[in-house]
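Residues per chain are reported as follows:
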Amino acid sequence: MDREKVIREEQKCPICKEGIITVITKSEYYSYHSARAFNKVKRIPVHHPEKIEIENKCPNCGASKQDIKDALEHGKQIPHEEKLKRSKKAGMPTVIETTIEKKDDKWDEDD
Ligand SMILES: [Zn+2]
């Protein structure tokens, strides 16, 4: 799999359950980038995790795209207690993607 699938659908706002918002889900996928080390070129797989994007603010409760995204992501993957902890940190920028890229770079082995 080297291309992401993009699904675009209308959903009810996870916060007020009334407003209609447009959610774009990009499936996880792998791509490759080449890294040059000495005279060798290596293909390094890069994992792109599933990503959710929100296209509009909630017209009903006015929740921002980020609020809606957090609510959708947390509702899906994070158990209740963790959800409460995280919601206190709302507003922090997410660094998940850069963390993953750095991890992949270490994958390179010199021998
Ligand atoms: Zn709403």
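Residues numbered from 1 in each chain as written. Predicted model: local features only at pLDDT ≥ 70, side-chain atom pairs only at ≥ 80, totals over all residues. Heavy atoms only, no water.

(A) Here's a closer look at the coordination of the zinc ion. The coordination sphere of the zinc ion, as far as protein atoms go, consists of C13 (SG), C16 (SG), C58 (SG) and C61 (SG), spread over 2.2 to 2.4 Å. Around the zinc ion sit four donor atoms; with metal-centred angles ranging over 106 to 114°, the donor geometry is tetrahedral. In this structure C58 comes out as buried when scored by relative accessible area, which is 3%. (Donors = N, O, S within 2.8 Å, 3.2 Å for Na, K, Ca; no water. Tetrahedral: all angles 85-135°; square planar, octahedral: opposite > 155°, others 65-115°. Buried < 20%, exposed > 50% of the residue type's maximum accessible area, 1.4 Å probe, protein only.)

(B) Region of interest: the pairing of strand β3 (residues 29-37). Pairing geometry for β3 and strand β4 (residues 40-48), over nine bridges, is antiparallel. Looking at β4, one finds that Y30 is bridged to H47. In this structure, the hairpin formed by β3 and β4 is closed by a connection of two residues, where F38 is found at a positive phi of approximately 55°. (Pairing = 2+ DSSP bridges. Helix = DSSP H or I, 4+ residues; strand = E, 2+ residues; numbered from the N terminus.)

(C) How the structure looks around the sheet that holds strand β2 (residues 20-26). The three strands lie next to each other as β1-β2-β5, forming an open sheet whose pairing is antiparallel. Looking at which strands have only one partner, the edges of the open sheet turn out to be β1 (6-12) and β5 (51-54). Put simply, the sheet's adjacent strands are angled 25° from each other on average, direction ignored. Two strands pair when backbone bridges link them, and β1 and β2 are joined in this way by seven bridges, in the antiparallel orientation. Opposite I7, over in β2, you have T25 as the bridge partner. (Axes fitted to C-alpha atoms, helices over the stretch in contact; angles between N-to-C directions.)

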